[in-house]
Amino acid sequence: MLSEGGKRDMKIAVSGITGFVGTHLKAFLEGMGNKVIGLSRGDFASDSTEALEEKLKGCNAVINLAGSPISGRWTHRKKDAILNSRIRTTRLLVTAVNRMAYPPDLFISASAIGIYPQEGCHMEDSEMVAEGFLAEVCMRWEAEAKKINPDIRLAILRFGLILGADGGIFPRIIKPTRFGVSMRFGNGMQPFSWIHIDDLLEIIALILYDPKLSGIFNCVAPDTLTWEDLMSEIDMHYETFGRLHIPEWLLKLFFLEGYTVLTHGQQVLPGRLMKEKFPYRYPELKNAVADLALKYDKKKNRQ
């Protein structure tokens, strides 16, 4: 993936291109001089992979980000959408790549730290796997990605909570600050493993351009905290004067099993990235919150 002169422009296919991460990744990769091929839902409408194979021709890498959002009320229909959107898309992509005479060199597939249990602190070599729906989704998602031809470099990225000013959880949790209050879900002591969107993009670029990197990567900052730590930083930045505590029983009543997204968490460290001495722009939550709040406030003022 590296030419003798250094980094070279690539042709990269990205599924989930219209999502929060996909939108940022497209702009980021194109800013580096790469050509990005967006894969939309229509490209996965058929069980045949012929059209998909044609679209992937000439690609150096495939980045698989597709998946229905996990936030919201977990009805049976919602859970089916969360699972099937990830499993089916990954299966079709892997099948298409494996059928190609000249396939991409690299397959990057998203996953999540929800595969780990709440107990303990986990790095990539942790053999502990959580119970529950999200862990099942992650295990099946990764299992599909691992069916890629062994001659193709595979990287599985286990995302922590991704913080961005224009997507993910951050814009939603700071909305109450306009009224001078911040929110706590449950007791607030649930682990909070996070990553700034800018650092996540740089992690993907690192893997794209370093042919030695493959396998599982925990995409989190080294600053593993709790939900209370996050909200305390927001309190200080926005100078809030009150706290709104939402009990676990009320969240469960409204979101069904989906309440676990807000009340459960994992303590995760980026062992592989620390070994590579990855240069985080936002290794600490304080600086990340300050940056995101500034960007969010500027965006709101322009509207």
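Attention here is on the structure that accompanies the text.

Calculation criteria
Residues numbered from 1 in each chain as written. Predicted model: local features only at pLDDT ≥ 70, side-chain atom pairs only at ≥ 80, totals over all residues. Heavy atoms only, no water. Phe/Tyr/Trp six-rings, centres within 6.5 Å; stacked < 30°, edge-to-face > 60°. Helix = DSSP H or I, 4+ residues; strand = E, 2+ residues; numbered from the N terminus. Lys NZ or Arg CZ within 6 Å of the ring centre and 35° of its normal. Expected span 1.5 Å × (residues − 1). Buried < 20%, exposed > 50% of the residue type's maximum accessible area, 1.4 Å probe, protein only. Patch = residues over 30% accessible without salt bridge, like charges linked within 9 Å, V, L, I, M, F, W, Y side chains within 5 Å. Areas by Shrake-Rupley, 256 points an atom, 1.4 Å probe, with all protein chains shown as cover. Salt bridge = Lys/Arg side-chain N within 4 Å of Asp/Glu carboxyl O. Lys, Arg positive; Asp, Glu negative; His and termini not counted. Charge placed at Lys NZ, Arg CZ, Asp CG, Glu CD. Contact = heavy atoms within 4.5 Å. Axes fitted to C-alpha atoms, helices over the stretch in contact; angles between N-to-C directions. Parallel < 35°, antiparallel > 145°, perpendicular 65-115°, else oblique. Left-handed = near helix turned anticlockwise from the far one by under 90°. Nonpolar A, V, L, I, M, F, W, Y, C, P; charged D, E, K, R; others polar. Core = buried A, V, L, I, M, F, W, Y, C linked by side-chain atoms within 4.5 Å.

**Looking at the packing of aromatic side chains**
Stage number 1. For the coordinates displayed, the defined rule picks out five aromatic pairs.
Stage number 2. Here Phe192 and Trp227 contribute two aromatic rings whose centre-to-centre distance is 6.0 Å and whose plane-to-plane angle is 90 degrees, an arrangement assigned as edge-to-face. With a gap of 35 residues between them, Phe192 in strand β9 (residues 191-192) and Trp227 in helix α7 (residues 227-238) connect regions that are remote in the sequence.
Stage number 3. One aromatic cluster is present, formed by Phe185, Phe192 and Trp227 through successive ring pairs.
Stage number 4. One Lys or Arg, Lys79, reaches over the ring of Phe133 and ends 4.8 Å from the middle of that ring.

**Concerning helix α6 (residues 197-209)**
Stage number 1. The end-to-end C-alpha distance of α6 is 19 Å, a good match for the 18 Å that 13 residues give at a rise of 1.5 Å each.
Stage number 2. The buried fraction of α6 amounts to eleven of the 13 residues, a majority that puts the element mostly inside the structure.
Stage number 3. When α6 is considered as a whole, its buried residues turn out to be Ile197, Asp198, Asp199, Leu200, Leu201, Ile203, Ile204, Ala205, Ile207, Leu208 and Tyr209.

**Quick look at a positive patch on the surface**
Stage number 1. On the surface, a cluster of positive charge is made up of Arg172, Lys175, Arg178, Lys299 and Lys300.
Stage number 2. Along the chain, the position of Arg172 falls in helix α5 (residues 170-173).
Stage number 3. Given a relative accessible area of 43%, Arg172 falls into the partly exposed group.

**A look at α7**
Stage number 1. Taking 1.5 Å per residue as the helical rise, α7 with its twelve residues ought to reach 16 Å, and the 17 Å between its terminal C-alpha atoms agrees with that figure.
Stage number 2. The set of residues buried in α7 consists of Trp227, Glu228, Leu230, Met231, Glu233, Ile234 and Asp235.

**A short note on the environment of Val261**
Stage number 1. With respect to the element layout, Val261 can be found in helix α9 (residues 260-263).
Stage number 2. Judged by its relative accessible area of 25%, Val261 is partly exposed.
Stage number 3. In sequence terms Val261 and Gly72 are 189 residues apart; their C-alpha atoms lie 9.1 Å from each other.
Stage number 4. Not counting the four nearest positions on each side in its chain, Val261 is found in contact with Ile70, Trp74 and Leu134.

**Focus: the packing of helix α1 (residues 20-31) against α6**
Stage number 1. Contact geometry of α1 with α6 gives a least axis separation of 10 Å together with a crossing angle of 60 degrees. The orientation of α1 relative to α6 falls into the category oblique. Crossing angle aside, the handedness with which α1 passes α6 is right-handed. Contacts from Phe20, Val21, His24, Leu25, Phe28 and Leu29 of α1 reach α6 at Ile197, Leu200, Leu201, Glu202, Ile204, Ala205 and Leu208.
Stage number 2. When grouped by side-chain class, the residues that make up the contact of α1 with α6 number eleven nonpolar, one polar and one charged.

**A look at the nonpolar core**
Stage number 1. The biggest cluster of nonpolar side chains holds 42 residues, and the ones touching the most others in it are Leu25, Ile63, Ile108, Leu157, Leu200 and Leu208.
Stage number 2. Tallying contributions element by element places α6 first for this core, with nine residues.
Stage number 3. Among the nonpolar cores identified, the runner-up in size contains 27 residues, and Met231, Tyr259, Tyr282 and Ala288 belong to it.

**Describing the pattern of salt bridges**
Stage number 1. According to the stated counting rule, one finds 18 salt bridges in the structure shown.
Stage number 2. One salt bridge in this structure joins Glu257 and Lys79, with 2.7 Å as the shortest N-O distance. Taken together, the residues Glu257 in the loop between α8 (248-255) and α9 and Lys79 in helix α3 (residues 76-99) connect sequence positions 178 residues apart.
Stage number 3. By relative accessible area, Glu257 is classed as partly exposed at 32%.
Stage number 4. Note that Glu228 is salt-bridged to Arg243, the shortest N-O span being 2.9 Å.

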